[in-house]
Amino acid sequence: MRRKDREIKDKKEIIDIIERSEECYLAMSVNDQPYVIPVNFGFQDETIYIHCAAEGKKIEMIKQNPNVSLAFTAEAETSLTGPPNTWTTFYQSAIASGKAELVLDVNERQKGMNAFQKHYTGRFMDFSERDLKKIMLIRVKITEMTGKANLPKDEK
């Protein structure tokens, strides 16, 4: 990281950014062709769960190359500040990497849907086994995470 003064080293702070993010960007690559898409997600036990369709480009890419990266941003002031040539924006961001897997086990699908529901609603709903068989989830067990922030002095 070039700006070491902005690096977040505290794992709890990085996790806080992930938990406050409304969406993340899933980055994949096959045959040197990158593909990045915004996705909704759930987070639990250093695992990201992504609810998605059972087929499509991201599923095919994950089957070919399960190595992925995820980018998160937490709400922060985005206006430019300072005089010209010294402008800055305020932000908090996290990057996570890991291997993506399709979740085939119905119990794990329920666990993933619980994480997804908790993130967006704070509530849980049990799904029938029949419904869980129709749901597709991608699970990314995080192997590495980093964080970076530039906050106004009064928020540091």
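To be clear, the structure that these remarks concern was listed above.
Cut-offs applied
- As a convention, each chain's residues are numbered from 1 in the sequence order in which they are written.
- With the structure being a predicted model, the display of local features is reserved for residues of pLDDT at least 70 and the display and counting of side-chain atom pairs for 80 or more, all residues being used for whole-chain, interface and lining totals.
- The side-chain values count all of the structure's non-hydrogen atoms but skip hydrogen atoms and water molecules.
- Only runs of H or I of at least four residues qualify as helices and only runs of E of at least two qualify as strands under DSSP, and these elements are numbered from the N terminus.
- Accessible area is worked out with a 1.4 Å probe on protein chains only. A residue is then buried under 20% of its type maximum, exposed over 50%, and partly exposed in between.
- Every residue pair with non-hydrogen atoms within 4.5 Å of one another is taken to be in contact.
- Each accessible area is a Shrake-Rupley estimate made with a 1.4 Å probe; only the visible protein chains count as cover when residues are assessed.
- Residues scored as charged are limited to Lys and Arg (positive) and Asp and Glu (negative), so that His and the chain ends carry no count.
- Just so you know, the charge point we use is NZ for Lys, CZ for Arg, CG for Asp and CD for Glu.
- What makes two strands pair is DSSP finding at least two bridges between them.
- What the arc describes is the spread of directions from the helix axis to the C-beta atoms.
- Each pair of aromatic rings taken from Phe, Tyr and Trp, with Trp reduced to its six-membered ring, is defined by centres within 6.5 Å and is described as stacked if the planes are under 30 degrees apart, edge-to-face if over 60, and tilted in the remaining cases.
- Whenever a nitrogen or oxygen atom comes within 3.5 Å of another N or O atom, the pair is scored as a polar contact, on the condition that within protein one atom can donate a hydrogen and the other can accept it, and that pairs from neighbouring residues in sequence are kept only if both atoms are in side chains.

Peer 1: Looking at this structure, how should I read the overall build of the protein chain?
Peer 2: Each helix and strand counted, the protein chain has 4 helices and 8 strands in total. Overall, the C-alpha framework of the protein chain stretches about 60 × 40 × 25 Å when taken along its three principal axes. For the protein chain, with 156 residues in total, the buried portion stands at 40%. Put simply, 70% of the contacts in the protein chain that link residues at least 6 apart link residues at least 24 apart. In the form shown here, the protein chain has an accessible surface area of approximately 9,700 Å², with 48% of it arising from carbon and sulfur atoms. Here the protein chain contributes 24 positive and 24 negative side-chain charges, whose respective centroids are spaced 3 Å apart.

Peer 1: I would appreciate a short explanation of the pairing of strand E5 (residues 47-52) in the present structure.
Peer 2: Each regular strand carries side chains that alternate between the two faces of the sheet. Of all 6 residues making up E5, 5 are buried, and the element is well covered by its neighbours. Bridging between strand E4 (residues 42-44) and E5 involves 3 bridges; their strand directions are antiparallel. Within the sheet, the bridge partner assigned to Phe43 lies in E5 and is Ile48. In this structure, the hairpin formed by E4 and E5 is closed by a connection of 2 residues, where Asp45 is found at a positive phi of approximately 50 degrees.

Peer 1: Just checking my understanding: could you explain the environment of Leu70 for this structure?
Peer 2: Along the polypeptide, Leu70 turns up in strand E6 (residues 67-74). Residues Leu70 and Ala96, spaced 26 residues apart in sequence, show a C-alpha to C-alpha distance of 5.1 Å. In this view, Leu70 contacts Cys24, Tyr25, Leu26, Ile48, Ile50, Ala94, Ile95, Ala96 and Val140; residues no more than four positions away in its chain are not counted.

Peer 1: Mind showing me how you'd approach helix H2 (residues 57-64) here?
Peer 2: Each full turn of the α-helix corresponds to 3.6 residues, which orients residues three or four apart in the same direction. Listed in full, the buried residues belonging to H2 are Lys58, Ile59, Met61 and Ile62. Along the axis of H2, the buried positions cluster into a sector of 165 degrees, meaning they face one direction only. Set apart from the buried face of H2 by more than 90 degrees, the exposed residues are Lys63 and Gln64. Tucked inside the fold, the buried residues of H2 contact strand E2 (24-30), strand E3 (33-39), E5, strand E7 (91-103) and strand E8 (136-150).

Peer 1: Can you walk me through the environment of Glu101 in this structure?
Peer 2: Assignment of secondary structure puts Glu101 in strand E7. Residue classification places Glu101 among the partly exposed residues on the basis of a relative accessible area of 33%. C-alpha separation for the pair Glu101 and Val36, spaced 65 residues apart in sequence, amounts to 17 Å. In contact with Glu101, other than residues within four places in its own chain, are Leu137, Ile138, Arg139 and Lys141.

Peer 1: Explain the packing of aromatic side chains to me, please; I cannot follow it from the model alone.
Peer 2: Aromatic ring pairs are reported here in terms of the distance separating the ring centres and the angle at which the planes meet. Per the counting criterion, the structure on display carries 2 aromatic pairs. Aromatic side chains Phe41 and Phe72 sit 5.2 Å apart centroid to centroid with 70 degrees between the ring planes, which places their arrangement in the edge-to-face category. Here Phe41, found in the loop between E3 and E4, pairs with Phe72, found in strand E6; they are 31 residues apart in sequence, far enough to count as distant. Of the residues examined, Phe72 reaches a relative accessible area of 1% and is grouped as buried. Relative to Tyr120, the ring of Phe116 lies with its centre 5.3 Å away and its plane at 55 degrees, an arrangement referred to as tilted.

Peer 1: Just checking my understanding: could you explain helix H1 (residues 11-20) for this structure?
Peer 2: The complete set of buried residues in H1 reads Ile14, Ile15, Ile17 and Ile18. With its buried residues spanning 155 degrees around the axis, H1 presents them on a single face. The backbone nitrogen of Lys12 has a side-chain oxygen 2.8 Å away, supplied by the residue at the start of H1, namely Asp10.

Peer 1: Looking at this structure, how should I read the side chain of His119?
Peer 2: The residue His119 is located in helix H3 (residues 106-120) in this model. Looking at His119, its side chain comes within polar contact range of the main-chain oxygen of Ser21, at 2.7 Å. Setting aside residues up to four positions removed in sequence, His119 forms contacts with Ile18, Glu19, Ser21, Glu22, Phe41 and Gly42.

From the geometry alone we can't say anything about function, so treat these as descriptive.
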